[in-house]
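Observations on the three-dimensional arrangement
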Amino acid sequence: MDGNRTSNFAVPIAVGEWTTLGHEPEEKEARRLTQDGDIYYQVDVNVCSDKAEFERMVFYHSYGDLGMIMGLLARNVGLTLGEKGLKVRAENNNFSIDLQNQGLQLPDPPNPPIELSQSFNEILEFMGWSMDTWKAGFLTKREIFEWAGSTRFFNPGQFRSHGEGFRKVKTDRKMYAEFVQWAGEKTALAGEKKGRRTEEQLQELRGLALVHFNKKDLFDTLAREREQRAGLKQAWSGSRVRDWAELGNYWKGVKLIMDAVRERLGGDEGVTKLYEKEGEDGIKRVVLEEKKRLSISSVVREESADITSVEGNLARDITNLSVT
């Protein structure tokens, strides 16, 4: 089944149905808040591709908002927990921090998160939650909150539920909101000051997860590849070639040189290999050699000189050239 595999249905609640279950006041209040007095159950039907996905869906959506609460606690240690298991964001590494310090940041789409595990048995073991207690069930929301807060990573003083990196949750998620309130009360009872984990602390916690799930080598390999791609993108661009060759707004010359470099090195793959071997200096050396071979002269222009529409379009096209 392609596309969205979740369907939502509204099932009418018969008048007096809650009354037979001992919830007459709640039913009256719920009906009072609607225009026509009708209330409904929302039934979500999820189509799963296999038994493993079905078991994950059942686990994550059991006990009301517990799955969302677990996800919130995982987010507090720099991880992502959802229906598909536990993941770590691929860009969370020292190199990414260095880029951010330079005013640069890798976007998320080219850097999908790294899957740590799809097994909730493994995930609960790492987080410090008891699967036996979960299977035995809970009688009250407070029991659920106590179980969720039993993770070895829960620190009331450093707990956060909003801000950068946290998704907004709908106000009708009352159980989720009550857990946030419960966590806040824990902080107050402990007499702790509200703070937040430093990036260094989050790095350490993510490192524990990567080692535990044997994903550290994969993470480091992907980090090196991203570093090389980002560095190459900076070095192999129309603007950088223009500056090295001193071509001012002579973008046609820039294109001629870049085409010649690609032809000489065997395409973008060859450019990448040269960058990996010699870095930016290697790219610059070949650019200047091809400039000389093509007999292209440096161009001196005033910064305020007019650029023709053709030059402008060519400049935009070449400036965006990079190895993907």
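Use the structure listed above.
We now turn to the structure provided with this report.

The subject of this paragraph is the packing of aromatic side chains. Inspection of the entire model under this criterion finds 14 aromatic pairs. Seen in terms of ring centroids, W129 and W147 are 5.5 Å apart; in terms of plane orientation they differ by 20 degrees. Their pairing is stacked. With a gap of 18 residues between them, W129 in the loop between α5 (120-127) and α6 (131-136) and W147 in helix α7 (residues 141-148) connect regions that are remote in the sequence. As far as burial versus exposure is concerned, W129 and W147 are alike and both buried.

Another aspect to go through is helix α3 (residues 66-75). Each turn of an α-helix holds 3.6 residues, which means side chains three or four residues apart point in the same direction. Burial within α3 is extensive, with 8 of its 10 residues counted as buried. The set of residues buried in α3 consists of L66, G67, I69, M70, G71, L72, L73 and A74.

We now examine the sheet that holds strand β3 (residues 79-82). Here we have 3 strands laid out as an open sheet, ordered β3-β4-β5, and antiparallel in their pairing. On the outer flanks of this sheet lie β3 and β5 (114-117), each paired with one strand and no other. For this sheet, the mean angle separating the axes of adjacent strands, direction not counted, is 35 degrees. The sheet contact formed by strand β4 (residues 85-88) and β5 spans 3 bridges and is antiparallel.

Each value, and the rule that gives it
Residues numbered from 1 in each chain as written. Predicted model: local features only at pLDDT ≥ 70, side-chain atom pairs only at ≥ 80, totals over all residues. Heavy atoms only, no water. Phe/Tyr/Trp six-rings, centres within 6.5 Å; stacked < 30°, edge-to-face > 60°. Helix = DSSP H or I, 4+ residues; strand = E, 2+ residues; numbered from the N terminus. Buried < 20%, exposed > 50% of the residue type's maximum accessible area, 1.4 Å probe, protein only. Pairing = 2+ DSSP bridges. Axes fitted to C-alpha atoms, helices over the stretch in contact; angles between N-to-C directions.

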